[in-house]
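Here is what each chain is made of, one letter per residue.
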Amino acid sequence: LHNQILVPLDSHTELYEEERVRAASGDTDVRLQRTDLALFDLDAERRTLVCRLLEVKCHTGGGFGAYQAKRQHIIRQTHNTERIIAERFDPGRGRADRPLQNVVLRALLEKYLSRAGRYGLFEERAMAEARWLLDRLDHGYHLEFTRTGLVFDLSKDGFDTDYEEGVAFHRIGRDHAVRLLDDIETEYRPDPEKPGHAAEAVTLEPVLPGFEEPGEAGGDVVPGTATMQLRPRARTRDIPEEPVPLS
């Protein structure tokens, strides 16, 4: 989540309203399948919004066939969500109402950017970069996508990553899931602002296997090639020169 905007897509069914209106056949439910979350990285240097679609599921058993069916469901959900978001917000689609769609996208991302700022998830330079790009969407931008499936597999242990049909899959086995829960620690630290220095609960955030920062993980390090899809591009986050004024 660091320096990225998390958008809970399930809370914004209005994004799928055009698709709902066009759907007139029995495949409506399939066409409206959508993924859970989107992480937006606002890259001002490249004038690019990177939308990282993330679907999270739990697998409890049923054999290989059931597991593969869940993966196929993730593929359909993420593909459908990419298509719908691109139809609305990709400037390359040449919509007549592009200025209006820019307003909708700006309002959506500004809401969750402000929330991320309140939770301390954005550095100062990253916040300035994101706001600069959002304020200049009408000057043009590129929209890119990645698709990721995160499956908590409680039927067996282990961890692995692979790709299928453009989706980076991460399978987190039961042992890793239990370890994640065990790693959630709550420390009680004195708060000098409270009478009697009352203890304040502080939750320490666990890290998913394979998502560790370089040099952070100990012991067996899981190759993190696929997880790079969820990380922002390393950059200075300098503010670009002002674009030419719109006529």
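Quick note: structure is the one above.
Rules behind the numbers
- Residues numbered from 1 in each chain as written.
- Predicted model: local features only at pLDDT ≥ 70, side-chain atom pairs only at ≥ 80, totals over all residues.
- Heavy atoms only, no water.
- Helix = DSSP H or I, 4+ residues; strand = E, 2+ residues; numbered from the N terminus.
- Areas by Shrake-Rupley, 256 points an atom, 1.4 Å probe, with all protein chains shown as cover.
- Core = buried A, V, L, I, M, F, W, Y, C linked by side-chain atoms within 4.5 Å.
- Buried < 20%, exposed > 50% of the residue type's maximum accessible area, 1.4 Å probe, protein only.
- Contact = heavy atoms within 4.5 Å.
- Pairing = 2+ DSSP bridges.
- Phe/Tyr/Trp six-rings, centres within 6.5 Å; stacked < 30°, edge-to-face > 60°.
- Lys NZ or Arg CZ within 6 Å of the ring centre and 35° of its normal.

*Asks:* Any details on the overall build of the protein? Residues and values, ideally.
*Replies:* A count of helices and strands for the protein gives six helices and eight strands. Counting from the amino terminus, helix and strand elements in the protein follow one another as β-α-α-β-β-α-α-α-β-β-β-α-β-β. Entry remark: accessible area of the protein is about 13500 Å², with carbon and sulfur atoms responsible for 53%.

*Asks:* Which residues make up the nonpolar core, and what are the values?
*Replies:* Ile5, Leu42, Leu49 and Leu109 are the most contacted members of the largest nonpolar core, which has 33 residues in total. Of all the elements in the fold, those that place two or more residues in this core are strand E1 (5–8), strand E2 (37–43), strand E3 (48–59), helix H3 (63–89), helix H4 (98–118), helix H5 (124–134) and strand E4 (142–153). Leave out the neighbours within four places in its chain, and Leu109 touches Ile5, Val7, Phe40, Leu42, Leu49 and Leu134. Residues Tyr67, Ile74, Val151 and Phe169 belong to the second largest nonpolar core, which totals six residues.

*Asks:* Report on the pairing of E3, specifying residues and quantitative values.
*Replies:* The buried fraction of E3 is high, at ten of twelve residues. Here seven bridges tie E2 to E3, and the two strands are oriented antiparallel to one another. When the sheet's bridge partners are listed, Leu39 is paired in E3 with Arg52. With antiparallel pairing between neighbouring strands as the criterion, E2 and E3 make up a hairpin whose turn holds four residues, including Arg47 at a positive phi of roughly 50 degrees. Bridge count for E3 against E4 is twelve bridges, and the pairing is parallel. Bridge pairing in E4 places Val50 opposite Glu144.

*Asks:* Requested: an account of the packing of aromatic side chains, with residues and values cited.
*Replies:* Counted by the stated rule, this structure contains zero aromatic pairs. In this structure, Arg34 packs its charged tip against the face of Tyr16, placed 5.3 Å from the ring centre. The ring of Phe169 carries the charged tip of Arg71 above its face, separated from the ring centre by 4.0 Å.

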